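Each chain is listed here by its residues.
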Amino acid sequence: MKAMKSAGLGILSALVMVLFVTGCVQIPTGSTSSSASPAVAPAQTNFVPAEATVGQTYIVAATVSRSTPRTLEITYQGGQDAAYLQYISITVNGISEGSIGPVSGALSLPMGTSELFAAHDPGQDHVVGTGHFTNNGVVTDQVVLETTL
């Protein structure tokens, strides 16, 4: 009888420990008790901007470097979904500067493809690369590069 009572207490303390541990591993929400308005508006779960294309999220990478004070070099590095990327459209400070690819005769943009683009304000050029993906006839545009340099 004493052994059963001891086992019951062991199970009870294990359950209390699990409840305690799971309660202590909560991710902070960033909430504060300040009366000021929050800096970030709450997320809208149903909202999709009109210019966004809804579809699969693709994983590829591109890098940008300043080759001269007035020239940016953007290189496509490849990635898990490289087979679906056709080309990358480039904007600098909101102005379309062209694209990397498409490459004639290629089914997808070859890794290592690189292009030069005009730069305007060193340290303030906002560069955005939007990948154009095609997978089983479904076309998706997705930002694959965004930085300021």
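### Digging into the overall build of the chain
Working step 1: Helices and strands together make up the secondary structure of the chain, namely one helix and seven strands.
Working step 2: Ordered by position in the sequence, the α and β elements of the chain form the string α-β-β-β-β-β-β-β.
Working step 3: Expressed as a percentage of contacts within the chain between residues at least 6 apart in sequence, the contacts between residues at least 24 apart total 54%.
Working step 4: Entry remark: accessible area of the chain is about 10,300 Å², with carbon and sulfur atoms responsible for 61%.

### With respect to the side chain of Thr113
Working step 1: With respect to the secondary-structure elements, Thr113 resides in the loop between strand E4 (95-100) and strand E5 (114-118).
Working step 2: A distance of 2.6 Å separates the side chain of Thr113 from the backbone oxygen of Pro110, its partner in a polar contact.
Working step 3: Those residues in contact with Thr113 that sit more than four places away from it in its chain are Ile74, Thr75, Tyr76 and Ile100.

### Description of the sheet that holds strand E3 (residues 85-92)
Backbone-to-backbone hydrogen bonds join strands into a sheet, with any given pair of strands oriented parallel or antiparallel.
Working step 1: Taken in spatial order, the four strands make up an open sheet running E4-E3-E6-E7, and their pairing is antiparallel. Since the sheet does not close on itself, it has two edges, and those belong to E4 and strand E7 (138-148), each with one partner. The mean inter-strand angle of the sheet, taken between neighbouring strand axes irrespective of direction, is 25°.
Working step 2: Note: E3 against strand E6 (residues 126-135), seven bridges, orientation antiparallel. Each bridged residue has a counterpart across the sheet, and for Leu85 the counterpart in E6 is Phe133.

### A short note on the pattern of salt bridges
Working step 1: Tallied over the entire structure, the rule returns one salt bridge.
Working step 2: Taking the shortest distance from any N to any O, the salt bridge between Arg66 and Asp125 comes out at 3.1 Å. With a gap of 59 residues between them, Arg66 in strand E1 (residues 61-68) and Asp125 in the loop between E5 and E6 connect regions that are remote in the sequence.
Working step 3: According to the relative accessible area criterion, Asp125 is buried, its value standing at 0%.

Conventions we followed
- Residues numbered from 1 in each chain as written.
- Predicted model: local features only at pLDDT ≥ 70, side-chain atom pairs only at ≥ 80, totals over all residues.
- Heavy atoms only, no water.
- Helix = DSSP H or I, 4+ residues; strand = E, 2+ residues; numbered from the N terminus.
- Contact = heavy atoms within 4.5 Å.
- Areas by Shrake-Rupley, 256 points an atom, 1.4 Å probe, with all protein chains shown as cover.
- Polar contact = N/O pair within 3.5 Å; in protein donor to acceptor, adjacent residues only side chain to side chain.
- Pairing = 2+ DSSP bridges.
- Axes fitted to C-alpha atoms, helices over the stretch in contact; angles between N-to-C directions.
- Salt bridge = Lys/Arg side-chain N within 4 Å of Asp/Glu carboxyl O.
- Buried < 20%, exposed > 50% of the residue type's maximum accessible area, 1.4 Å probe, protein only.

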